[in-house]
Each structure stands twice: as structure tokens, then as C-alpha cells.
Amino acid sequence: EEAEEKKRARAKANLKSASRFGKLLVRGSVLVSVGGSNSYLSARENEDIDFFCVTKTDGMWAFMFKALILARVHSLANNGAPPFCFSCIMDEKWASQAFSMTQSPIFARDALSAKVIRGMVAYHALLEKALWMENYFPVLYRRRLRETDLEKRLPADGADESAGSMILNSFLYRTLGTFLRIKSWALNRKLAKGEWNSSIFVTKVGKGHYISESRRYGR
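Residues numbered from 1 in each chain as written. Predicted model: local features only at pLDDT ≥ 70, side-chain atom pairs only at ≥ 80, totals over all residues. Heavy atoms only, no water.

Student: Please explain the sheet that holds strand β6 (residues 209-214) as it appears in this structure.
Tutor: Across a sheet, strands are paired by hydrogen bonds formed along the backbone, either parallel or antiparallel in direction. Taken in spatial order, the 6 strands of this open sheet run β4-β1-β2-β3-β6-β5, and their pairing is mixed. In this open sheet, the two edge strands, each paired with only one partner strand, are β4 (115-118) and β5 (201-206). The average undirected angle you get between the axes of adjacent strands in this sheet is 25 degrees. Alignment of strand β1 (residues 29-34) against strand β2 (residues 49-55), held across 5 bridges, turns out to be antiparallel. Residue pairing for β2: Ser-29 is matched across the bridge by Thr-55. Sheet strands touched by helix α9 (residues 166-193): β5 and β6. Its angle to β5, the strand with the most contacts, is close to 170 degrees. (Pairing = 2+ DSSP bridges. Helix = DSSP H or I, 4+ residues; strand = E, 2+ residues; numbered from the N terminus. Axes fitted to C-alpha atoms, helices over the stretch in contact; angles between N-to-C directions. Contact = heavy atoms within 4.5 Å.)

Student: Honestly, the pairing of β6 in this entry has me stumped. Any pointers?
Tutor: Regular strands place side chains that alternate from one sheet face to the opposite one. The pairing of strand β3 (residues 84-91) with β6 spans 3 bridges and is antiparallel. Bridge pairing in β6 places Met-90 opposite His-209.

Written out as C-alpha cells, the structure is:
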């Protein structure tokens, strides 16, 4: 019980830190939220703070570039603080398709448990597309729809309506995307040599999405 309470307190502190940092991610995004163990209020010590973000179409990789730089600066300025991890980033077009198609129960659970920092209207719209989630978690799904429907009526939160640049997005996809693939490959080799097989992760990269999932998460 005491250990669970510590995880809960740690997650709440992490969510406050993520909320402050999330304000830097507003431009170019339509949804900024925290997922993973922090959204479940069960964070282990030194665990990453995972962001789930949706950006403007053709703006995902510019957003990713900015987010990684800001996260690095934050890490250098706050030695010992849990690192920010952008493990699930997608643009509006890709997100709309992903939420409209039936996915796994863990996808549904993570999406329904996300702690929204900014973009309640966009989040509610995605849940409305995902009627299939009700088959897995009927009570939670209906509750989140009600909660977000009420909250989305609050005053607008300064959304950036500008569209992304297709040319810039394509360039960064080829350059930054390639760099992240190589970095993931190198890290996985290191994990495999250390026999940390459950920590090896699969990285899914496209022009409209970047998703990183460990084998442990998949299981």
C-alpha cells in the first residue's frame, strides 16, 4: 500500500512537470497529453514521462524536432528529473484513421487514460471516432466522453490553426526520422547484448506518425 502511494505521488508530481513543459508544445499541436504509467498514476522511480501528442497534418516532424530540442534543454537544466519521452506522436490525418479503426485493448485503455494538457476538443473528437472502444471498456469510454464533452465547452486554449509545411515535414521525416531509426537500432543492440530483451522496442515511423513500443508493453 505504501509503495503504491509513493507511485501515485510520484505520478502526480510528474504530471505537474509535464503540464508546465506542455505549454511549450502548444504551437503546431492540436492535442498534448501524458500517457503511460503516469496517466495511470502509478509511476516508478526515474521512469520516463511519456507524451501522446497530435499535431497539424504535415506538421508532425517539425513538432517532433522542436519537442526533442526542448526536452534536451529541460533535461540539461533539471539534472535528475525524469526525462520527457515522445513515444506516441501523430498528425491529425493519421490519428483520425487510427482511432476510427478497431485497435487492441491496450491502445484503447491508454487513449482513455490519457491526461490531457491541451486540446480537449480534439481529444473528444478522436474518442467520438473510436466507438469500438466501448466494446472493451463500456463504462470508462462513456464516462470519458461525458467528461470531455463538458470540458471542451470551456473557453478556447489558444489553438494554433496554421497548417504544417509538406516540404519541411518530408525533409525532417527523411533526416530526423532516419536519425531516430538508427538511434533505436543502436539502443536495441545494446539492450540485446545486456540481455534486457523485454526492454527492446519496436519503432514505427512514417510521415504522419512516430510510435515507440517496448516488448514488455506489447506483452
